[in-house]
Amino acid sequence: MTAISPCPARLLVIEDDAVLCTHLQDFLASRQHHVTVCRDGRAGLQQALDQPFDLVLLDILLPGMNGLDLLAELRQRSAVPVIVLSALGDEQDRISGLMKGADDYLPKPFSSAELAVRVEAVLRRVTLERRQGQGVAPMGALILRTEDESARYRDADLGLTTTEFRLLQVFLEHRDQVLSKAFLYQAVLHRGYGRHDRSLDLHVSHLRRKLRDAGMAEQPLRTVWGQGYTLVSEAL
């Protein structure tokens, strides 16, 4: 299978630490990415909404606007992928970021190698999804549009993040099959599965809630204890 290498991407770094900003800008630029830096939360939100970025690297503790509040507001209007960067290592902060729509979470301090792996994983997924082409894929009352990564159920927009859209897409591609967490981490998050990593569980929980809020009478995403998750096509 041919590996997919992301093209130079447009990255927005929203981080108030001047030294870290310089390091991130230099490092990411050395990997051929186009990097914009903003050190204020509210200004960063406006830039994320006004310009077509491929990925946002977002700190939590920001002047002007808290990073989690910024993320929540961004998600109301944009599905741009977001990796949260924060010195707050508490699990609840990580959960809050993922529940508000982050695609990944990288606690500080982190190495350049770890940052590169996380950034390239998200960009690789975006590149793959763009190459899959445009179109509409109806599954009963559920419709996925790959051209803008949106999903609708009975004409109601599900408001999915990029990761949630990809997760639902993978489930639909393998409907009625039990998918292991290890497989889903590779197929959706593009990284290995760690026993204490709850990122996937949180994305599944968020997707379930959005399907339920859209009016699905029966939850199609089921947990198969000790094995993984499955999407039951009869429930769609």
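Relevant structure appears above.
This report concerns the structure included in the present document. (Residues numbered from 1 in each chain as written. Predicted model: local features only at pLDDT ≥ 70, side-chain atom pairs only at ≥ 80, totals over all residues. Heavy atoms only, no water.)

## A word on the nonpolar core
Core analysis: the biggest nonpolar cluster contains 26 residues, and L158, L167, L168, F171 and L184 have the highest contact counts within it. Where this core is concerned, the elements lending two or more residues are β7 (142-145), β8 (150-153), α6 (162-173), α7 (181-189), α8 (199-213) and β11 (228-231). Ranked by residues supplied to this core, first place goes to α6 with six residues. Setting aside residues no more than four positions away along its own chain, L158 makes contact with L142, A151, R152, Y153, L168, K210, L211 and A214. In this structure, L12, V80, I95 and Y105 belong to the second largest nonpolar core, which totals 23 residues. (Core = buried A, V, L, I, M, F, W, Y, C linked by side-chain atoms within 4.5 Å. Buried < 20%, exposed > 50% of the residue type's maximum accessible area, 1.4 Å probe, protein only. Helix = DSSP H or I, 4+ residues; strand = E, 2+ residues; numbered from the N terminus. Contact = heavy atoms within 4.5 Å.)

## Side note on the pattern of salt bridges
By the definition in use, this model includes 14 salt bridges. Put simply, K181 and D201 hold a salt bridge, and the shortest N to O gap is 3.0 Å. Of this pair, K181 sits in helix α7 while D201 sits in helix α8, and the two are 20 residues apart along the sequence. The partly exposed category is assigned to K181, whose relative accessible area is 24%. Between D213 and R209 there is a salt bridge, and its shortest N-O distance comes to 3.3 Å. Of this pair, D213 and R209 are both found in helix α8, four residues apart, which corresponds to roughly one turn of the helix. Taken together, the shared-partner salt bridges in this structure form one network comprising D104, E114, R118, R191 and D197. (Salt bridge = Lys/Arg side-chain N within 4 Å of Asp/Glu carboxyl O.)

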